[in-house]
Each structure stands twice: as C-alpha cells, then as structure tokens.
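# Structural features, examined
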Amino acid sequence: MAQRMKGMASGNPSVVTAKRSMGISKTYAAMTAFFIILAIAAWNPAYYSHAAGANSTTSNSSLVSNVLSKAVPSATGAGAPGGIAFLAVPLDVIPGIMVSMAVLILFVYDKNSGVLEYMLSLGMTPRDIYMRYLKAALLLAAPVMVIFAAGDILYISALFGTATAATLLPVQLITIPFSLAVVTFMVIAMMAFSSLQKTRAGSNQPIGLVVGYAATIPAYLTAIFLPFSKAMYADIVLAVVIAIVSLSFLRYSGKLIKREKFLP
C-alpha cells in the first residue's frame, strides 16, 4: 500500500493513473487490439455502401428500398455514399471504451482498497480525484482512437481505393471526438452515481459501462434513416450533446460527487 501511494505521488497524476490502470491486467490491452482489428475488418464503413448498392438491385420492399436509397451513391456513382456508412461510428467507439474500462476498474478497486480515502486525507477534493481518473481515461482512449482511425483509412484505401477513403473520411474524423465524448460521459456518470459502480450480473464490469455505450443508440438510428450529409451533422450534434451533458456533470461534481462516494 505504501509503495503504491509513493508511486502515485511521483510524476503526472493522470499519467500515473493511466499506467496503473493498464497494469491491472493485460486483458484490456488485448481486447482493445482485438476490437480495433474487428472494427476495421468486420464492420468497416466501406462495406455498408457496397453491400447496400448490391442489395438495392434485388430488393422490392418499399421499406428496404427507402433505407437503401439513402445508403447508396447516385446511379452515376457520383457523390457521397448514404448515411448507412455512419453506422460504423457507434460501433467504432468500442476500442476507446475497451481501453478506458481499465480506468473504471481501477477506480472501483482504489475505492474498495481505501486509496481514494487516502487521497481525501491528503486534502484532495472529490473533483480533484475525479479529474485524475477522467484524464487518465482520455489519455488512453485518444491515441487508441487516432491509431484506429488511421488504420481504418489505410485499410479502405488499400481495398477500395483512395477515392472511397476520401469520401468516407468524415466517418473516421467524427468517430474520434464522438468516442472521446462517450468515454467522458461513461466515466463521469459512473463516478457521479455510486449505483453505476456496481458490477453487472455475471461480470466484474461496472454498470456505468452499459450506461455509457447506451448513449450511442441515437447514432444507429440516424445512420439508418438519414442520408450521408444529414447523418454526419446528426452525429456531430449528438457528440456535442453528450459532451455538454458530461461537462454539466463536471460543473456540478461538487454536488453530485460527495466525499462518502469515494469511501469503501
């Protein structure tokens, strides 16, 4: 315990917290790498446009045709693909969530082992403690999402050409801030509400993980029912809304996050 506290006292607190979280288990790093590969190879946005284009010639359903009409390029091949390409955005936040899970687990572990109580005894406020873990989560998620976006672009360029990669570039560019907004909301919600720190049945992951990912549900609907440009702006608005809610939690953290919530 004393050695752990000494390590936490040296260096940048958020960096130290990020290192400690990744030291809990290598599972989270492995899961992050797995989901990066899965996201690029299995639900790449380029697949949706090409698949929708192929299916649109064989479907006579008015509902399906309506959705696919928003999903495929024009008959001449010009213009952007449909909004269905943005279905990748809520799916692509998973690598960021996976790597930030380590911070969520560390927070619960530190609370149960009395580390947070020790921080309070040093004069830190609940908000100080909260910011340490939030910054650690963002420090882990940001580079992961940048690397993922770059890999996604290279994959599309190699398989479908640079023109397709350039057309779908907004998907990757929106995914980065969108995922960081979701991670921020997830961490803040879990720390602000003690009930979200509890584990789910049959799992050791906090309920806050489920609540955080639930914030991406509207992005699935906009991708299915809106054309490309409108789906893009809808995702931007959604990311801003999630960020505003998160900042509101931060602003009122003094009221939401009481000292007793940091005690075992």
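Rules of the game
Residues numbered from 1 in each chain as written. Predicted model: local features only at pLDDT ≥ 70, side-chain atom pairs only at ≥ 80, totals over all residues. Heavy atoms only, no water. Helix = DSSP H or I, 4+ residues; strand = E, 2+ residues; numbered from the N terminus. Buried < 20%, exposed > 50% of the residue type's maximum accessible area, 1.4 Å probe, protein only. Contact = heavy atoms within 4.5 Å. Areas by Shrake-Rupley, 256 points an atom, 1.4 Å probe, with all protein chains shown as cover. Patch = residues over 30% accessible without salt bridge, like charges linked within 9 Å, V, L, I, M, F, W, Y side chains within 5 Å. Salt bridge = Lys/Arg side-chain N within 4 Å of Asp/Glu carboxyl O. Core = buried A, V, L, I, M, F, W, Y, C linked by side-chain atoms within 4.5 Å. Phe/Tyr/Trp six-rings, centres within 6.5 Å; stacked < 30°, edge-to-face > 60°. Axes fitted to C-alpha atoms, helices over the stretch in contact; angles between N-to-C directions. Parallel < 35°, antiparallel > 145°, perpendicular 65-115°, else oblique. Left-handed = near helix turned anticlockwise from the far one by under 90°. Nonpolar A, V, L, I, M, F, W, Y, C, P; charged D, E, K, R; others polar. Expected span 1.5 Å × (residues − 1). pLDDT = per-residue confidence, 0-100. Polar contact = N/O pair within 3.5 Å; in protein donor to acceptor, adjacent residues only side chain to side chain.

## Observations regarding the overall build of the protein chain
When its secondary structure is counted, the protein chain shows 15 helices and 0 strands. Of all 264 residues assigned to the protein chain, the portion counted as buried reaches 47%. Residue pairs at least 24 apart in sequence account for 76% of intrachain contacts in the protein chain once pairs closer than 6 positions are excluded. Accessible area of the protein chain: about 12200 Å², with a carbon and sulfur share of 69%.

## Focus: a nonpolar patch on the surface
The grouping of Tyr233, Ile236, Val240 and Ile244 at the surface amounts to a nonpolar patch, some 380 Å² of accessible area in total. Mapped onto the fold, Ile236 is located in helix α14 (residues 228-251).

## Examining the nonpolar core
Of all hydrophobic cores here, the largest spans 73 residues; its most connected members are Phe86, Ile97, Tyr133 and Phe178. Excluding its chain neighbours within four sequence positions, the residues that come into contact with Tyr133 are Thr17, Arg20, Val103, Leu106, Phe107, Asp110, Leu116, Met119 and Met191.

## A few points about the packing of aromatic side chains
Scanning all chains against the criterion turns up 6 aromatic pairs. Geometrically, the ring pair formed by Tyr47 and Phe160 is edge-to-face, given 6.0 Å between the ring centres and 65 degrees between the ring planes. Of this pair, Tyr47 sits in helix α4 (residues 45-55) while Phe160 sits in helix α9 (residues 126-160); the two residues are 113 residues apart in sequence, bridging distant segments of the chain. By the ring-pair criterion, three or more aromatic residues cluster together here, those being Tyr47, Tyr155 and Phe160.

## Quick look at the pattern of salt bridges
Proximity of charged atoms lets side chains of opposite charge pair with each other. Taken as a whole and assessed by the stated rule, the structure comprises 1 salt bridge. Among the ionic pairs, Arg20 bridges to Asp110, the shortest N-O distance being 2.8 Å. Placement of Arg20 in helix α2 (residues 13-24) and of Asp110 in helix α7 (residues 94-113) is noted, with a sequence separation of 90 residues between them. For the pair shown, Arg20 and Asp110 are each scored as buried.

## Focus: the packing of helix α13 (residues 217-225) against α14
Between two packed helices, the angle of one axis relative to the other and the distance separating the axes together describe the packing. Contact geometry for α13 and α14: axes closest at 9 Å, N-to-C directions at 165 degrees. By the angle class used here, α13 and α14 are roughly antiparallel. The crossing of α13 and α14 is right-handed. Residues Pro218, Ala219 and Thr222 of α13 form the contact with α14, whose participating residues are Ala231, Ala234, Asp235 and Leu238. For the contact of α13 with α14, the residue count by class is 5 nonpolar, 1 polar and 1 charged.

## Quick notes on α9
Here α9 contains 35 residues, and its C-alpha end-to-end distance of 50 Å stays within 8% of the 51 Å for a straight helix at 1.5 Å per residue. Backbone geometry just downstream of α9 places Gly161 in the positive-phi region, at approximately 100 degrees.

## What about the side chain of Ser100?
Summarising the element assignment, Ser100 is placed in helix α7. With relative accessibility at 0%, the residue Ser100 sits in the buried group. Sequence-distant contacts of Ser100, defined by excluding residues within four places in its chain, comprise Ala137, Val183 and Met186.

## Here we look at the confidence of the model for the protein chain
Close inspection of predicted coordinates is inappropriate in any region flagged by low pLDDT. On average, residues of the protein chain carry a pLDDT of 80, and 74% of them reach 70 or more. Counting contacts from residues 52-80, a segment whose pLDDT is below 50, to residues more than four positions away or on other chains yields 28 contacts.

## Regarding the environment of Trp43
By the element assignment, Trp43 lies in the loop between α3 (27-42) and α4. Assessed through its relative accessible area of 14%, Trp43 is described here as buried. Considering only alpha carbons, one finds Trp43 and Val89, 46 residues apart in sequence, at a separation of 9.9 Å. Contact partners of Trp43, with chain neighbours within four places excluded, come to Phe35, Leu38, Tyr48, Ala88, Leu91, Asp92 and Ile94. Here the side chain of Trp43 touches Asp92 through a polar contact of 3.0 Å, side chain to side chain.

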